[in-house]
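# Structure assessment
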Amino acid sequence: WSSDVCSSDLNPISRWFHFLPHAVLQFGVIWTFVVELGAPWFCFWPRWGRYIAGALIISFQLTLIVSGNLSFFNWLTILPALACFDDRFWRKIVPTFLTSCAVEAQLAAKPSRPMNGIAWAVTGLVALLSIQPALNLLSPHQAMNTSYDPLHLVNTYGAFGTVGRERPVIVFEGTDSADPATATDWKEYPYLGSPWDPKRTPPFIAPYQPHLDWQLWFAAMAGPTEYPWTLNLVWKLLHNDPATLGLFAGNPFPDHPPRYIRAVLYNYHFAKPGNPEHVYWTRDRLGLWLPALSADSPALLDALRQEGWIQ
């Protein structure tokens, strides 16, 4: 439940979950294992087993939705869990006209041999292609986000290989000063969901996914050489590109582009509720992630040309 390190974006309630008593957080860990490792097996049991499994899975996903902004992932996970509840259950909830339509459709339905054949063929193909991903799960050196066939029909997926205990964040800053080494007027570009201003409470933003925030979260755990597109981002900011600025929550240079852009790496932590500074975050400056760059910086221009982003 520690959304401080588990999600790319947070909401106003995330900090409350983070500072819950240790015993409650321990129960949350146990509950996670029960729901994710145990409940799925009961999806294939008789009615009451399926009802319990569906209720556990959905309640767990709702907890994640409330405690953080994990985009649309939790909502998508709820959809297949709804299949744990059969027609007898839904008949008591959905409007009568919908149940009548469902009954009429069932009575009018006719078996289709071609459709059944295709369904069995697809099932067999998926089962065959799933052998290697299944063996990967049993391997001590699991590969994540890997495909095993040219069409990428079946693969292994995992958003996180490990869950870190730190929350590094890249903050882009701009200045109008002629000398970035002595500049004191650096202005930060605000994010839609990610931390930046320590006094700013994160918003409710799910199920929308702020793509820039999400990608920069991964970039903060690596370096610029692994994420060269950040140089193109700097180039766009140096020209006040409207589409790029639309990925941020605001533009600190609305009248003209800044002379220099740099990226600073911070480590963010939840500030305890009720702190005298009235801040939501505390942050430690780790150093420059990207040095100050201008629109005529040779290093920036060479990198952009190598990637084919400019002529």
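The structure this text deals with has already been given above.
Keep in mind it's a predicted model, so treat the numbers as computed, not measured.

Cut-offs used in this document
- Residues numbered from 1 in each chain as written.
- Predicted model: local features only at pLDDT ≥ 70, side-chain atom pairs only at ≥ 80, totals over all residues.
- Heavy atoms only, no water.
- Axes fitted to C-alpha atoms, helices over the stretch in contact; angles between N-to-C directions.
- Helix = DSSP H or I, 4+ residues; strand = E, 2+ residues; numbered from the N terminus.
- Parallel < 35°, antiparallel > 145°, perpendicular 65-115°, else oblique.
- Left-handed = near helix turned anticlockwise from the far one by under 90°.
- Contact = heavy atoms within 4.5 Å.
- Nonpolar A, V, L, I, M, F, W, Y, C, P; charged D, E, K, R; others polar.
- Salt bridge = Lys/Arg side-chain N within 4 Å of Asp/Glu carboxyl O.
- Buried < 20%, exposed > 50% of the residue type's maximum accessible area, 1.4 Å probe, protein only.
- Phe/Tyr/Trp six-rings, centres within 6.5 Å; stacked < 30°, edge-to-face > 60°.

To continue, consider the packing of helix α11 (residues 229–237) against helix α13 (residues 298–307). Packing of α11 against α13 brings their axes to within 10 Å, and their N-to-C directions diverge by 120°. With respect to their mutual orientation, α11 and α13 come out oblique. Relative to α13, α11 is oriented so that their crossing is left-handed. In contact with L231, N232, V234 and W235 of α11, α13 contributes L300, L301, A303 and L304. Residue classes in the contact of α11 with α13 are distributed as seven nonpolar, one polar and no charged.

Below, the discussion takes up the pattern of salt bridges. Scanning all chains against the criterion turns up five salt bridges. Measuring nitrogen to oxygen at the nearest pair gives 2.7 Å for the salt bridge that ties D86 to R47. Of this pair, D86 sits in the loop between α5 (73–81) and α6 (87–90) while R47 sits in helix α4 (residues 47–67), placing them 39 residues apart in sequence. Close ionic contact of D86 with R50 constitutes a salt bridge, the shortest N to O distance being 3.8 Å. In this pair, D86 is assigned in the loop between α5 and α6 and R50 in helix α4, connecting sequence segments 36 residues apart. Here D86 falls in the buried class, since its relative accessible area comes to 16%. With a relative accessible area of 18%, R50 lands in the buried category.

Geometry of an aromatic ring pair is reported as the spacing of the ring centres plus the angle between the planes. For the structure shown, the criterion picks out 22 aromatic pairs. Plain terms: the ring middles of F72 and F73 are 5.0 Å apart, the flat faces sit at 65° to each other, and that makes the pair edge-to-face. Of the residues examined, F73 reaches a relative accessible area of 27% and is grouped as partly exposed. With 6.2 Å between their ring centres and 40° between their planes, Y189 and F253 make a pair best called tilted. Pair noted here: Y189 is in the loop between β4 (187–188) and α10 (211–219) and F253 is in the loop between α12 (242–245) and β5 (260–270), with a separation of 64 residues, a long-range link.

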